[in-house]
Amino acid sequence: EMKVATSFISIEQAKKNLQQEIAEDEGFDEIFAKAQKTWDDQLGIIEIEGATPDQMTSFYSGMYRLFMYPNMLSEQTGEGSEDGWQYRSPYGSHEVKDGVMYYNNGFWDTYRTTWAAYSLFTPSKDIEMLNGLVEHYNDQGWVPRWIAPGGTNSMVGTSSDVIFGDAAKKGLDFEVENAFWSSIKNAPAAGAEGGGLSVGGGGAGGHGLPGDQPESGLPLRHGGGQGQGLRLSGATGGAGAVPGHGV
């Protein structure tokens, strides 16, 4: 048997992560049992009656995939000001910063049902994850369209706006102020196609309406999808969700 640990921060932190997560005397069977219990507890928040075996398989397979992502980028270092949580920033010079950041999410795929399900099934965890998304804005001024772990110029729309707006309207107690400002910053963003990884609306020619052209004069890719996605983000995002900041 071989035990493996990883860290974005350092080799020493990887060793510390291993010590925190796996006891020295735990072998494969013990670790497997702990992982099994973790998933049983998570999927067990909903019990179904009267379903066929195939329906049960379909439902709980979907639940399993629902809770696979996003992932926490932060690690328990025992240092800093955020209860010992720090992360190596995927932006700029990649400094180690205090705080909790979440990654591995493409909002274009998840804003419709996934984040709404988090707020319904696991509201406390949802608040933690929402704040982990806002941390991208706190870190470098944008919540990208796809975080993996830094911004990837992929997918249409700035659908984190919809996620934040929905959560704010539901009254979830997350960092709604900066979530709002990240949505506002997305709304007027313009830039050249592919002009940067940590983009929100950037590369969409304003709000990316069909026929718009980026300032560079390059043709706009996915014009129809961008137009639809960005209009939806602008209409249903954080605007008006924060008292005193309605537009």
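As the structure is a prediction and not an experimental result, all values here were calculated from the model.

Let us look at the overall build of the protein chain. Assigned secondary structure in the protein chain consists of nine helices and seven strands. For the protein chain, buried positions account for 40% of its 247 residues. Sequence-distant contacts in the protein chain: of pairs separated by 6 or more residues, those separated by 24 or more amount to 58%. Taken as a whole, the protein chain presents about 13,300 Å² of accessible surface, with 54% of it coming from carbon and sulfur.

Before going further, it helps to examine helix α7 (residues 160-169). Along an α-helix, residues three or four positions apart point the same way, because every turn accommodates 3.6 residues. For α7, the tally of buried residues reaches eight of 10 residues, placing the bulk of the element in the interior. Within α7, the full set of buried residues consists of Ser 160, Asp 161, Val 162, Ile 163, Phe 164, Gly 165, Ala 167 and Ala 168. Backbone geometry just downstream of α7 places Gly 171 in the positive-phi region, at approximately 80°.

What follows covers the sheet that holds strand β4 (residues 96-98). Strand-to-strand pairing in sheets goes through backbone hydrogen bonds, with the strands running parallel or antiparallel. Read across the open sheet, the three strands follow the order β2-β3-β4; overall the sheet is antiparallel. The strands lining the two open edges of the sheet, one partner per strand, are β2 (75-76) and β4. Where strand β3 (residues 85-88) and β4 come together, three bridges link them in antiparallel fashion. When the bridges of β4 are listed, Gln 86 appears paired with Asp 98.

On to helix α1 (residues 11-21), then. Residues Gln 13, Ala 14 and Asn 17 constitute the buried set of α1. Along the long axis of α1, the arc covered by the buried residues comes to 105°, so they all point the same way. Exposed and oriented more than 90 degrees from the buried face of α1 are Ile 11, Glu 12 and Gln 19. Buried-residue contacts for α1 involve β2.

Let us now look at the nonpolar core. Where a protein is soluble and globular, its nonpolar side chains tend to be buried together. Counting residues in each nonpolar core, the largest one holds 32 residues, and the members touching the most others are Phe 107, Trp 115, Leu 130, Leu 133, Phe 164 and Phe 174. At the level of secondary structure, the elements contributing two or more residues to this core comprise α3 (53-66), β5 (102-103), α5 (114-121), α6 (123-140) and α7. With residues up to four places along the chain from it excluded, the contact list for Phe 174 reads Ile 127, Leu 130, Asn 131, Val 134, Phe 164, Ala 167, Ala 168 and Ala 179.

Moving on, we get to the packing of aromatic side chains. The final tally for this structure, using the stated rule, is eight aromatic pairs. Taking 6.1 Å as the distance between ring centres and 25° as the angle between the ring planes, the aromatic pair formed by Phe 28 and Phe 32 counts as stacked. With a gap of four residues between them, Phe 28 and Phe 32 both fall in helix α2 (residues 28-43), about one helical turn apart. You can call Phe 28 exposed: its relative accessible area is 54%. Judged by relative accessible area, Phe 32 falls into the partly exposed class, the value being 49%. An aromatic cluster of at least three residues, connected via ring pairs, comprises Phe 67, Trp 115 and Tyr 118. Directly above the ring of Trp 142 sits Lys 185, whose terminal nitrogen or CZ lies 4.8 Å from the centroid.

Residues Glu 1, Glu 24, Asp 25, Asp 29 and Glu 30 make up a contiguous surface patch of negative charge. Looking at the secondary structure, you find Asp 29 in helix α2. Here Asp 29 falls in the exposed class, since its relative accessible area comes to 59%.

What counts, and where the lines are drawn
Residues numbered from 1 in each chain as written. Predicted model: local features only at pLDDT ≥ 70, side-chain atom pairs only at ≥ 80, totals over all residues. Heavy atoms only, no water. Helix = DSSP H or I, 4+ residues; strand = E, 2+ residues; numbered from the N terminus. Buried < 20%, exposed > 50% of the residue type's maximum accessible area, 1.4 Å probe, protein only. Contact = heavy atoms within 4.5 Å. Areas by Shrake-Rupley, 256 points an atom, 1.4 Å probe, with all protein chains shown as cover. Pairing = 2+ DSSP bridges. Arc of directions from axis to C-beta. Core = buried A, V, L, I, M, F, W, Y, C linked by side-chain atoms within 4.5 Å. Phe/Tyr/Trp six-rings, centres within 6.5 Å; stacked < 30°, edge-to-face > 60°. Lys NZ or Arg CZ within 6 Å of the ring centre and 35° of its normal. Patch = residues over 30% accessible without salt bridge, like charges linked within 9 Å, V, L, I, M, F, W, Y side chains within 5 Å. Salt bridge = Lys/Arg side-chain N within 4 Å of Asp/Glu carboxyl O. Lys, Arg positive; Asp, Glu negative; His and termini not counted. Charge placed at Lys NZ, Arg CZ, Asp CG, Glu CD.

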